[in-house]
Structures are given as C-alpha cells and as structure tokens.
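Structure assessment
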Amino acid sequence: MEQPARIEQRILEAESALEGVFRRIDHTEQSCFERVLNAFRECRVASRHFAPSTGYGYGDEGRETLEKLFAKALFAEDALVRPSIASGTHALALSLFGLLRPGDTLLSASGKPYDTLESVIGIGEAGKGQGSLAEYGIRYAQVDLKADGGIDMDALHTALEQNPSIRVVALQRSRGYAWRPSLSLTQIGQACKLVHKKSPHIIVLVDNCYGEFVEETEPTSVGADLIAGSLIKNPGGGLAPTGGYIAGRAALVERCAYRLTSPGIGREVGSYQAGYGPFYQGLFQAPHTVAQALKGAALFGMVFETLGFAVNPPPGAPRGDIIQAVEFGSAERLIAFCQAVQAASPVDSFAVPEPWAMPGYQDAVIMAAGSFVSGSSIELSADAPLRKPYIGYLQGALSYAHARQALKEVLLRLGADQQ
Ligand SMILES: *Cc1c(COP(=O)(O)O)cnc(C)c1O
C-alpha cells in the first residue's frame, strides 16, 4: 500500500475505535443545544436584536439581550458579553481587577495560571511597571495541582485556614499549555464547596476558556461564582468576530462592569456598529462547533497514540476542554506538525509559521492559525511554546472533516506509515 492509503486505513481504524466516544460527544451536544435554544426562546430573540448601534449605546437592546441570553445559556444570573473585551486574557483581567482590592490575596488553586495571566497578576518580573495586580497591593498565592492533575483539596483547605486575606480563589478548567488533565466539573464543584464552607464571601473565579459546552453543564452550575472566557473560542461558535464574556452572580458581574467602562457608568454603555448578529448565531452554533472540535481532538489523540506518541488526554478519557496535546519530543517534529496544520487551512495555507516572541508569553511560540477570524482557536489551530519536551497543542475545527483532512497532511509530512 502507498503511504496515503495506509494513512486512510489508520484513520478508519481509529474512527471505529472511537465510536463510543463520538456517541457521547453527540449526546452532550444535544443536551447543550437544547439549553441554548431554550435560552433563545426565553429571551424572545428577534431580528431587531442584530441591528447595529453607535455612540454610547444607551439602551442598546441587541447588547442587553445578548447578555441575558449568554447568562441563561451559561447557568448564570447575569453576564457581560462585549466585542470590546478584546480577548480571554482581557476578560480574566477585568474579572480580577473587578473583584480584588488592595490587601486582598488571589489564590490560584490549579497551580501556575495560564501564561498571559502572569503579567496580569505580577508574578516575578512579569507585568512590572504595567499596573499588574501586585502593583496595586494585591497578593498572590498558589496551591499546586497534585501529581495526578487533580486539585489538592487538603492544601487548599490549609491555605484558606492560614490566610484570611484570600478573597478570590481562581481555577483554570482547561489544561492551557500544561501537560495535565483539564478539571472536571465534579472536581470544580468539590473545590467550590470547600471554599464556600470556609466562607461564602470568598469568590471562586473559573477561567472557562476552551471549556464551554464540553460537558453538559458549566462551572456556574456547580458553585462557581464567576466564569470568564473568549468569544473566539468555544462560545463564539466560530462566528463571533471578536470579544469576551464574564458570567455569574449578578453583583460580581456588576463590579467587573465598573472596570470594563468606568465607576458610575458600568454596563450601561457600549455600542457595536457591525451589529450583534454573528454573536447570536455563534452561540446558537457553539454546541455543534464544540462537538466537531472534540471529535477532531479525539481522532488526533487516538491516531498519535497508536503511532507511539504520548498524548493528553488519552483516547476515551473524559474531557473538560477541546485541547489535544501530543508530545513530539523534538523541535523539528513539533514545527513540522504546526506547519502541516497551517498548510491544511482554508486561509493562508501558503504561509509557513515560525516560532516567535509573543506579548504575554515567556517562551517563543509557534502558531498555526489559518482561520477566518484572525487568531481564532475554535477554528482548527495548533500552537506550542518552544520548550522541552516539545508538546504541540491542537484545538478547534469548525468541521470534523477539516480536522480529519489536516490529520492526513500531518501524517504525510511526519512520514508516518512510510514503507
Ligand atoms: C486562551 C486562554 C486564555 C487567554 O485567552 P486569550 O484570548 O488568548 O487572551 C486564558 N486561559 C486559558 C486556559 C486559555 O486557553
């Protein structure tokens, strides 16, 4: 058999092994979709909500209804959903600056937070002179995850006992750029219970990036006070052109709104001349898009495992995010992987990604993102910080067919199944 035929054969075998996994993904999609559709009906969404607005945007019905809709879809009392929230990092920074005050301590209970948050928090030299939380007298403490990747509940309990200034406990649901399992909603729920037993006034903030619609519910339904994420990831469904969201308890959302605009003004302003249509349609599409991405991730995981690579999560393991990590063991293979994903993209397929220094990241990063929405990672994308042991992170795909096609390109370029 020629190499392409052998690759096709390998993929077909992986697909039949994944039948049960794919069925579970379909089931979750249906459940999330039902909730999202009901939210549209309850909010009485109508085409006038897609209309553009300008200037201050006082009483912008499209904006206000979109926020109600997101709140319902995400089990939250209230939500801020804005094109003017530039990214997931921005949504998380707004949350932290909205919730914390000088003298408070932020405790990360899922170990080192996502790379870009180091500058927000002011860990080490990161963000120095840029107005990090540290510069406002907000302290930072951390409880590392256990060796198995679970939350260290004993250490969390001890930290809460010893430090009365802890005001926010942060949890990162997704693995981000770390070789660990994503946090399940069960675990997040247990941590919320422990924190709120210590004090109902301590806020649990979950970085929900890449987690939306992966399970049937969200952290907000298991006790999280506030969640935040990016609209060019899961909840934008691949259609939202930009933006971020914060959702959870109404009083906390309001505090963040005063950070988003200004004290005294809060959420009452904000316009968008391009119109909110793609945000509505994106949310409608999101459960399906996430399911497509999950199937693609499962396929990559299964095939690379059969080729002898270490993969995370392993095929069939429960997932809390859309990321599939593969350990490539060498910079060359990792770069070839990202370049193959780029070559199999609908946009900029001819571009060749190279590692480069990105704002907010400590190592050089290589990114393959041949996406319609620039930098969108609910569209098929691959990225990696260039550091040992050279782990590549794959996420997204608006369609399973795209993920499958990209996998063929990757396997060809890596010389897999060559005679
Ligand atoms: C993507 C991501 C972020 C940051 O989002 P940006 O939109 O890239 O700023 C934060 N945390 C996690 C876990 C993420 O995956």
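Conventions we followed
Residues numbered from 1 in each chain as written. Predicted model: local features only at pLDDT ≥ 70, side-chain atom pairs only at ≥ 80, totals over all residues. Heavy atoms only, no water. Near = heavy atom within 4 Å. Polar contact = N/O pair within 3.5 Å; in protein donor to acceptor, adjacent residues only side chain to side chain. Areas by Shrake-Rupley, 256 points an atom, 1.4 Å probe, with all protein chains shown as cover. Helix = DSSP H or I, 4+ residues; strand = E, 2+ residues; numbered from the N terminus. Nonpolar A, V, L, I, M, F, W, Y, C, P; charged D, E, K, R; others polar. Salt bridge = Lys/Arg side-chain N within 4 Å of Asp/Glu carboxyl O. Buried < 20%, exposed > 50% of the residue type's maximum accessible area, 1.4 Å probe, protein only. Arc of directions from axis to C-beta. Contact = heavy atoms within 4.5 Å. Pairing = 2+ DSSP bridges. Domains from an automatic or database assignment. Axes fitted to C-alpha atoms, helices over the stretch in contact; angles between N-to-C directions. Left-handed = near helix turned anticlockwise from the far one by under 90°.

1. Let's talk about the site of the ligand
Taken together, the neighbourhood of the ligand is formed by S87, G88, T89, L92, Y114, Q172, S174, D207, C209, Y210, S230 and K233. With respect to the ligand, the side chain of K233 contributes an N or O atom lying 3.0 Å from an oxygen atom. Considering the ligand on its own, with 380 Å² of exposed area, one finds that the protein chains cover 90% of that surface. Top element by residues in the shell around the ligand is helix α4 (residues 88–99). It accounts for three residues. In terms of residue class, the shell around the ligand is built from four nonpolar, six polar and two charged.

2. A short note on the pattern of salt bridges
Counted under the stated rule, the structure contains 20 salt bridges. Of the charged contacts, one joins R35 and E218 as a salt bridge, the two residues approaching to 4.0 Å between their closest N and O atoms. With a gap of 183 residues between them, R35 in helix α2 (residues 19–42) and E218 in the loop between β5 (203–207) and β6 (226–230) connect regions that are remote in the sequence. The two residues R35 and E218 agree in class, both being buried. Notably, a salt bridge pairs R249 with D225, separated by 2.8 Å at the nearest N-O pair. Pair noted here: R249 is in the loop between β7 (244–248) and α8 (250–260) and D225 is in the loop between β5 and β6, with a separation of 24 residues, a long-range link. Taking relative accessible area as the criterion, D225 reaches 5% and is therefore assigned buried. Put simply, E8, E15, R404 and K408 are held in one network by salt bridges that share partners.

3. With respect to helix α6 (residues 153–162)
Residues of α6 that are buried include every one of L156, A159 and L160, and no others. Mapping the buried residues of α6 onto a view down its axis gives an arc of 95°, with all of them on the same face. Those residues of α6 that are exposed and aimed more than 90 degrees away from the buried face are D154 and Q162. Its buried side turned inward, α6 meets β2 (105–108), β4 (166–172) and α7 (185–198).

4. What about the pairing of strand β11 (residues 364–368)?
Note: strand β10 (residues 356–357) against β11, two bridges, orientation antiparallel. In the strand pairing of β11, A357 is matched with A364. Two elements, β11 and strand β12 (residues 381–385), share four bridges in a ladder whose sense is antiparallel. The residue of β12 that forms the bridge with V365 is P385.

5. Concerning the domain arrangement of the protein
Each assigned domain of the protein is listed here: domain 1 (2–32 + 283–418) and domain 2 (54–275). Just the C-alpha atoms count here: the centres of domain 1 and domain 2 sit 26 Å apart. Facing 43 residues of domain 1, the contacting portion of domain 2 comprises 36 residues. Residues R387 and D115 are paired through a salt bridge, measuring 3.7 Å at the closest nitrogen-oxygen approach. Joining domain 1 to domain 2, the criterion identifies 17 residue pairs in polar contact (both at pLDDT 80 or more). A total of seven residues in the side of domain 1 that touches domain 2 trace back to one element, the largest contributor, which is helix α9 (residues 277–306). For the side of domain 1 that touches domain 2, the per-class residue count stands at 23 nonpolar, 14 polar and six charged.

6. Some details on unusual backbone geometry
With an omega of 0°, the peptide bond between N312 and P313 qualifies as cis. With respect to the helices and strands, P313 occurs in the loop between β8 (311–312) and β9 (324–327). A cis geometry characterises the amide bond from K388 onward to P389, with omega recorded as 0°. A positive phi is found at F75, a non-glycine position, where the angle reads about 60°. As for its placement among the helices and strands, F75 is situated in the loop between α3 (61–73) and β1 (78–82). The phi dihedral of Y390 falls on the positive side, at around 60°, and the residue is not glycine.

7. Here we look at the packing of helix α1 (residues 3–17) against α9
One way to put it is that α1 packs onto α9 with a least axis distance of 9 Å and a crossing angle of 115°. In this structure, the crossing between α1 and α9 has a hand that is right-handed. Together, R10, I11, A14, E15 and A17 of α1 and L299, M302, V303 and T306 of α9 make up the contact between the two elements. Partitioned by chemical class, the residues of the contact of α1 with α9 number six nonpolar, one polar and two charged.

8. Quick notes on the environment of S53
By the secondary structure assignment, S53 is in the loop between α2 and α3. The exposure class of S53 is buried, given its relative accessible area of 13%. In the structure, S53 is positioned 288 residues away from V341 in sequence and 38 Å away in space, judged by C-alpha atoms. Leaving out residues up to four positions away in the same chain, S53 has contacts with D60, S271, Y272, Q273 and Y276. A polar contact of 3.0 Å, which involves the side chain of S53, links it to the backbone nitrogen of Y272.

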